[in-house]
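Here are the chains, one letter per residue:
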Amino acid sequence: SQKIEQNSEALNIQEGKTATLTCNYTNYSPAYLQWYRQDPGRGPVFLLLIRENEKEKRKERLKVTFDTTLKQSLFHITASQPADSATYLCALDERSGGSYIPTFGRGTSLIVHP
Amino acid sequence: DAGITQSPRHKVTETGTPVTLRCHQTENHRYMYWYRQDPGHGLRLIHYSYGVKDTDKGEVSDGYSVSRSKTEDFLLTLESATSSQTSVYFCAISEGDGYTFGSGTRLTVV
């Protein structure tokens, strides 16, 4: 069966450090992989997309890597701040017929301590 | 960004009653999705639509139906609500590189 794994344990780090979150998947051939941020009581917010033929993508303090051989994506937040505390979800887009169907991981909670 | 609104934001209903949730977008995005989010399960796809009157089932479609008679509206109906359908429901649209989500509907079935 198809499966997306994100660490269910919260990641606690000190302000200013780099946070690294992991997304592993099995039995997928995703065309795209995306990362989202979700705050309590709110819907997920899109952060970054990386395509299957891309190794790395950056946006400000965010960096995403995508290794289709390892079936893994890493999400980095450099110079982390308490405001970065949230749950981060990865999502895979797999082509199904003529549609792209997004499937989400359960998310990892990030807590940045001042 | 496209405007996407969900209504109602909160609802409490009794077991066995029908419930309809509405998702409205202000632009002509073709794809719309309904998810439910539960602790320990994350976001799970219920149904999606790829155009007016074009819909398909997702991972957890049992007990749910959808309709899309206009591009801007995607309705999710629980024909006979059960306690297992207590959840937070999110609508999403495909927009550019990512998906844009609504603010969610918190549904409680008592």
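Caption draft 1: Inspection of the overall build of chain A at higher detail. Summing up its helical and strand segments, chain A has 0 helices and 11 strands in all. Ordered by position from the N terminus, the helices and strands of chain A form the series β-β-β-β-β-β-β-β-β-β-β. Over its C-alpha trace chain A gives a radius of gyration of 14 Å, about what one expects of a compact globule, namely 13 Å for 114 residues. When the backbone C-alpha atoms are referred to their principal axes, chain A occupies close to 45 × 30 × 20 Å. Considering only residue pairs separated by 6 or more positions, chain A has 55% of its internal contacts joining residues 24 or more positions apart. Accessible area of chain A: about 5,900 Å², with a carbon and sulfur share of 46%. Considering chain A, the positive charge centre built from 14 side chains and the negative charge centre built from 12 side chains are found 2 Å apart.

Caption draft 2: Up close: the pattern of salt bridges. The tally for this structure, following the rule as stated, stands at 10 salt bridges over all chains. In this structure, Glu5 of chain A engages Lys3 of chain A in a salt bridge whose closest nitrogen and oxygen atoms are separated by 3.3 Å. The exposure class assigned to Lys3 of chain A is partly exposed, which follows from its relative accessible area of 44%. Of the charged contacts in the structure, one is a salt bridge between Glu54 of chain A and Lys57 of chain A, with a shortest N-O distance of 3.8 Å. Accessibility expressed as a relative area gives 22% for Glu54 of chain A, which makes it partly exposed. Overlapping salt bridges, with partners in common, bring together Arg22, Lys70 and Asp73 of chain B in one network.

Caption draft 3: Here's a closer look at the pairing of strand S10 (residues 98-101) of chain B. Residue and element names in this part refer to chain B. Pairing geometry for strand S9 (residues 87-95) and S10, over 4 bridges, is antiparallel. Within S10, the position partnered with Ile93 by the bridge is Thr100. Once S9 ends, the chain turns through 2 residues before running back antiparallel as S10, passing Gly96 with a positive phi of about 65°.

Caption draft 4: Spotlight on the sheet that holds strand S8 (residues 72-77) of chain A. All names here are of chain A. Read across the sheet, 5 strands follow the order S1-S3-S8-S7-S6 without closing on themselves; strand pairing throughout is antiparallel. The strands lining the two open edges of the sheet, one partner per strand, are strand S1 (3-6) and strand S6 (56-59). On average, each strand axis in the sheet is tilted by 15° relative to the strand beside it, whichever way the strands run. In this structure, S1 lies alongside strand S3 (residues 19-26), joined through 4 bridges in antiparallel fashion. Bridge pairing in S3 links Lys3 to Thr26.

Caption draft 5: Molecular detail of the state of the cysteines. Residue and element names in this part refer to chain A. This structure, assessed with the given rule, holds 2 disulfides over all chains. Shown here is the disulfide that connects Cys23 with Cys90, its sulfur atoms set 2.0 Å apart. Looking along the S-S bond of the Cys23-Cys90 disulfide, the torsion reads about 55°, which is the right-handed sense. Of this pair, Cys23 sits in strand S3 while Cys90 sits in strand S9 (residues 86-96), and the two are 67 residues apart along the sequence. Taking relative accessible area as the criterion, Cys23 reaches 0% and is therefore assigned buried.

Definitions and limits used
- Residues numbered from 1 in each chain as written.
- Chains lettered and ligands numbered in written order.
- Predicted model: local features only at pLDDT ≥ 70, side-chain atom pairs only at ≥ 80, totals over all residues.
- Heavy atoms only, no water.
- Helix = DSSP H or I, 4+ residues; strand = E, 2+ residues; numbered from the N terminus.
- Rg over C-alpha atoms; globule rule 2.2 N^0.38 Å.
- Contact = heavy atoms within 4.5 Å.
- Areas by Shrake-Rupley, 256 points an atom, 1.4 Å probe, with all protein chains shown as cover.
- Lys, Arg positive; Asp, Glu negative; His and termini not counted.
- Charge placed at Lys NZ, Arg CZ, Asp CG, Glu CD.
- Salt bridge = Lys/Arg side-chain N within 4 Å of Asp/Glu carboxyl O.
- Buried < 20%, exposed > 50% of the residue type's maximum accessible area, 1.4 Å probe, protein only.
- Pairing = 2+ DSSP bridges.
- Axes fitted to C-alpha atoms, helices over the stretch in contact; angles between N-to-C directions.
- Disulfide = S-S within 2.5 Å.

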